[in-house]
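Here is how the chains run, residue by residue.
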Amino acid sequence: MKKDLNSILKQYGMDTEGTPFGNGHINDTYILPGEPRKILQRINTSVFRDPNAVMENVCAVTAYLSDIIRKEGGDPMRETLTVVPTLDGRPYCMTPEGDVYRMYLFIENAVSLDRADDPETFAMSARAFGKFQKQLADFPAHTLHEVIPNFHNTADRLRQFREALEKDAVGRAASVKPEIDFVLSHADCVSRVVDGIADGSIPLRVTHNDTKLNNVMLDEVTHEPVCVIDLDTVMPGSLLYDVGDALRFGASTGDEDETDLSKIEFDLTYFEAFIKAFLEAVGDSITARERELLPFSALLLTLECGIRFLTDYLNGDTYFRIHREHHNLDRCRTQFKLVADIEKKLEEMDAIVAKY
Ligand code: ADP
Ligand code: GN1
Ligand code: MG
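Residues numbered from 1 in each chain as written. Chains lettered and ligands numbered in written order. Predicted model: local features only at pLDDT ≥ 70, side-chain atom pairs only at ≥ 80, totals over all residues. Heavy atoms only, no water.

1. Focus on the overall build of the protein
When its secondary structure is counted, the protein shows twelve helices and eleven strands. Expressed along its principal axes, the backbone C-alpha trace of the protein runs to roughly 55 × 50 × 40 Å. Counting the 356 residues in the protein, one finds 55% classified as buried. Looking at the protein alone, contacts between residues at least 24 apart form 75% of all its contacts between residues at least 6 apart. Accessible surface for the protein amounts to roughly 15,600 Å². Of this, 51% is attributable to carbon and sulfur atoms. Side chains of the protein give 39 positive and 60 negative charges; the mean places of these two sets differ by 2 Å. (Helix = DSSP H or I, 4+ residues; strand = E, 2+ residues; numbered from the N terminus. Buried < 20%, exposed > 50% of the residue type's maximum accessible area, 1.4 Å probe, protein only. Contact = heavy atoms within 4.5 Å. Areas by Shrake-Rupley, 256 points an atom, 1.4 Å probe, with all protein chains shown as cover. Lys, Arg positive; Asp, Glu negative; His and termini not counted. Charge placed at Lys NZ, Arg CZ, Asp CG, Glu CD.)

Spelled out as structure tokens, the structure:
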């Protein structure tokens, strides 16, 4: 791996060593020393089949955001990702084996959190993602590649799950009967948002689509939002995807892979803090139907993510990076525990949304 990095770094005119960094499930991330420091990432090409399309999206979006940030008097080098080009001016490079790497400036004096210690900190991520969506409201959506088709099409995720179950490639299906039943008993709600997009009752917007708390950098002292990162999945989508996915991760009382399920609940204080801050950040652009579906979005995206973890478990852990044998199953179980808890709290969540 080190030898590999050396040949990559040569293409950037750099001679240094990378240290593995961060807790992402998809790409291999390294931090590089220097002034300024850099982030080097191997793009996971089994997830992102067309890395050139990914980088075209990332370059277009970051250039657009830079412009807006500059006009607003901000610092584009800190408030959005900056792609560092190779010596010959390309936004990414390749190894002879076909691995694809790209480099970003490291966002200094900022933290990426796996857990918000208080609702106020979680609300900062809502401000960041809300502002991000607002800044991209007029971005020409048709110019973006759909880098992972049907990424948040929950109905299609259910189809992929059924396929994995049918194949049972590694013989795990018999051991996860309760989880399989949980999915099948929730099959009726998976189409609600995709159907709404198809019939025009839910607007298609340019969305981030991977709004985990650790995909936003917060000021290390004040926790004010600094920069939204992990832009690989920026694509046309629904505002509900960004809200639901952020809530699934950030409003849980436990880690995504917690094995003690008694620690996992959906925290309404965090929900309220997020909703209030997100609605303030997006302003009037949200439609009545989107507002109405905010509580449901948390349920849907949590269910979807649980289905994805379970599908990957059935497939033999080929998609998400795992650190222990049943990691994807543990992750799936926290998601389903959250779904069950959200179901009980939907009315209270409606009442909270009505307050803002
Ligand atoms: P993945 O798709 O694997 O989640 P990310 O782009 O989210 O990859 O990067 C993984 C982690 O690396 C992030 O959660 C964050 O902690 C860190 N990171 C990524 N880019 C930067 C950056 N430009 N500055 C500082 N930290 C970064
Ligand atoms: C992945 O890349 P990362 O770790 O930020 C995944 C998300 C999931 C998330 C679950 C491209 O996010 O969709 O919600 O794991 N990203 C991709 O933690 O599949
Ligand atoms: Mg990430």
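2. Looking at the packing of aromatic side chains
Counted under the stated rule, the structure contains nine aromatic pairs. Ring centres of Phe182 and Phe336 lie 4.6 Å apart, and the angle between their planes is 20°; this geometry places the pair in the stacked category. Residue Phe182 is located in helix 6 (residues 177-184), and its partner Phe336 is located in helix 12 (residues 327-354); the two are separated by 154 residues in the primary sequence. The residues Phe182 and Phe336 share a single accessibility class, namely buried. Between Phe266 and Phe271, the aromatic rings sit 6.0 Å apart at their centres with planes inclined by 55°, giving tilted as the arrangement. Of the two residues, Phe266 and Phe271, both sit in the buried class. Through a chain of ring-to-ring contacts, the aromatic side chains of Phe122, Tyr270, Phe274 and Phe278 assemble into a single cluster. Note that Arg37 overlies the ring of Phe106, its terminal NZ or CZ placed 4.6 Å from the centroid. The ring of Phe296 carries Arg192 above its face, with NZ or CZ at 4.2 Å from the centroid. (Phe/Tyr/Trp six-rings, centres within 6.5 Å; stacked < 30°, edge-to-face > 60°. Lys NZ or Arg CZ within 6 Å of the ring centre and 35° of its normal.)

3. As for the coordination of the magnesium ion (ligand 3)
Summarising the metal site, the magnesium ion (ligand 3) is bound by the protein donors Asn215 (OD1) and Asp230 (OD), whose distances to it range over 2.2 Å. Highlighted residues: Asn215 in the loop between strand 8 (205-207) and strand 9 (216-219) and Asp230 in the loop between strand 10 (225-228) and strand 11 (235-237), separated in sequence by 15 residues. Given the relative accessible area of 6%, Asn215 is considered buried. (Donors = N, O, S within 2.8 Å, 3.2 Å for Na, K, Ca; no water.)

4. What to know about the sheet that holds strand 7 (residues 110-111)
Pairing in this open sheet of three strands is antiparallel, and the strands run 7-9-10 from one edge to the other. The open sheet is flanked by strand 7 and strand 10, the only strands paired with a single partner. Relative to strand 9, strand 7 runs antiparallel, the two sharing two bridges. Within the sheet, the bridge partner assigned to Ala110 lies in strand 9 and is Asp219. (Pairing = 2+ DSSP bridges.)

5. Describing the site of ligand 1
Around ligand 1, the structure places 19 residues, and the nearest of them are Asn27, Gln41, Ile107, Asn214 and Asp230. Contact distances for ligand 1 include 2.9 Å between an oxygen atom and a backbone N or O atom of Asn27. Here a nitrogen atom of ligand 1 sits 2.9 Å away from a polar atom, N or O, in the main chain of Ile107. Compared with its free state, where it exposes 550 Å², ligand 1 has 96% of that area covered by protein. Its residues assigned to classes, the shell around ligand 1 shows nine nonpolar, nine polar and one charged. Taken together, domain 1 (2-108) and domain 2 (119-355) each give at least three residues to the shell around ligand 1, which thus spans both. (Near = heavy atom within 4 Å. Polar contact = N/O pair within 3.5 Å; in protein donor to acceptor, adjacent residues only side chain to side chain. Nonpolar A, V, L, I, M, F, W, Y, C, P; charged D, E, K, R; others polar. Domains from an automatic or database assignment.)

6. Quick look at the packing of helix 8 (residues 239-250) against helix 9 (residues 268-282)
Put simply, helix 8 and helix 9 touch, their axes get as near as 10 Å, and they point 150° apart. With respect to helix 9, the axis of helix 8 lies roughly antiparallel. Read as a crossing pair, helix 8 and helix 9 show a hand that is right-handed. On helix 9, the residues that touch Leu239, Val243, Ala246, Leu247 and Gly250 of helix 8 are Tyr270, Phe271, Phe274, Ile275 and Phe278. The residue inventory of the contact of helix 8 with helix 9, partitioned by class, reads nine nonpolar, one polar and no charged. (Axes fitted to C-alpha atoms, helices over the stretch in contact; angles between N-to-C directions. Parallel < 35°, antiparallel > 145°, perpendicular 65-115°, else oblique. Left-handed = near helix turned anticlockwise from the far one by under 90°.)

Distances and angles like these do not, on their own, reveal function.
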